[in-house]
Amino acid sequence: MKILLLGIGNVLYADEGIGVHFVNYLQENYHFSHPSHQLDVMDGGTLAQGLIPIICKYDYLVVVDTVNAHGVGPGEVYFFDFDKAPSEIDWQGSAHEVEMLQTLIMMEMVGDRPKTYVLGCTPTVLEPMTLGLTPSVAAAVPLMETTILKHFKSLGFEITRVKDLAIETLIPDSYKRGVILDEDNQI
């Protein structure tokens, strides 16, 4: 099975960058191995519909992003099957969030959407030109980490911690990573 762990967000808008920062954090700190599954980790930025040719090549997708939810505070963590989203989830957040929802729905309509899970964190600040996370969202990272590692272990992955870098140390260079595609739009 081909699995994609996809971080979504705009790193220049404070907490909106949590998806990108988090997948970069996992990629730097952990090695994932499985005898038959392939796991790719990717910073999808705000590409949304531009990611369709990449996403449709996978059997399984985990999207890490901000999520808005009615009646909850910043830093709350959600992990759910996209087809069974909790009722309090509000997809009317940032522009990239709405575009990602539309992308997944469009892919479903044509039968190209892989089995999809969402790991989301409710944001505090979505301010332009603010690189970094607020304390509430930064405090959610350990729960997000435990949640995603438990999920991949349930899929049979062996996970080895290879570094112990804090997410804050990776944020200043997040905008430099991005998606790297070859001439055939392959990661």
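Above this text you will find the structure in question.
A brief report on the enclosed structure follows. (Residues numbered from 1 in each chain as written. Predicted model: local features only at pLDDT ≥ 70, side-chain atom pairs only at ≥ 80, totals over all residues. Heavy atoms only, no water.)

## Structural notes on the pairing of strand S8 (residues 115-121)
Next up, step 1: Counting buried residues along S8, 6 of its 7 residues qualify, which places the element largely inside the surrounding structure.
Next up, step 2: Pairing geometry for strand S4 (residues 60-66) and S8, over 7 bridges, is parallel. By the bridge assignment for S8, Val-63 is matched with Val-118.
Next up, step 3: By the bridge criterion, 5 bridges tie strand S6 (residues 77-81) to S8 in an arrangement that is antiparallel. Considered in S8, the bridge of Val-77 is made with Cys-121. (Buried < 20%, exposed > 50% of the residue type's maximum accessible area, 1.4 Å probe, protein only. Helix = DSSP H or I, 4+ residues; strand = E, 2+ residues; numbered from the N terminus. Pairing = 2+ DSSP bridges.)

## Comments concerning the nonpolar core
Next up, step 1: Leu-5, Phe-22, Ile-148 and Phe-152 are the most contacted members of the largest nonpolar core, which totals 33 residues.
Next up, step 2: Those elements that place two or more of their residues in this core are strand S1 (2-8), helix H1 (18-29), strand S2 (30-33), strand S3 (38-45), S4, S8, helix H4 (135-154) and helix H5 (167-170).
Next up, step 3: Looking at this core, the element that brings in the most residues is H4, giving 8 residues.
Next up, step 4: Phe-152 has contacts with Ile-3, Leu-5, Phe-32, Leu-39, Val-62, Phe-157 and Ile-159, leaving out every residue within four places of it along the chain.
Next up, step 5: In this structure, Met-42, Val-63, Tyr-78 and Ile-89 belong to the second largest nonpolar core, which totals 21 residues. (Core = buried A, V, L, I, M, F, W, Y, C linked by side-chain atoms within 4.5 Å. Contact = heavy atoms within 4.5 Å.)

## A few points about the sheet that holds S3
Next up, step 1: If you walk across this open sheet you meet the 5 strands as S3-S1-S4-S8-S6, and the pairing is mixed. The outermost strands of the open sheet, each flanked by one partner alone, are S3 and S6. Averaged over all pairs of adjacent strands, the angle between strand axes in this sheet comes to 15 degrees, irrespective of strand direction.
Next up, step 2: Contacts from H1 reach S1, S3, S4 and S8 within the one sheet, and its direction differs from that of S1 by about 130 degrees.
Next up, step 3: Docked against the sheet, H4 engages S1, S3, S4, S6 and S8, running at close to 155 degrees with respect to S8. (Axes fitted to C-alpha atoms, helices over the stretch in contact; angles between N-to-C directions.)

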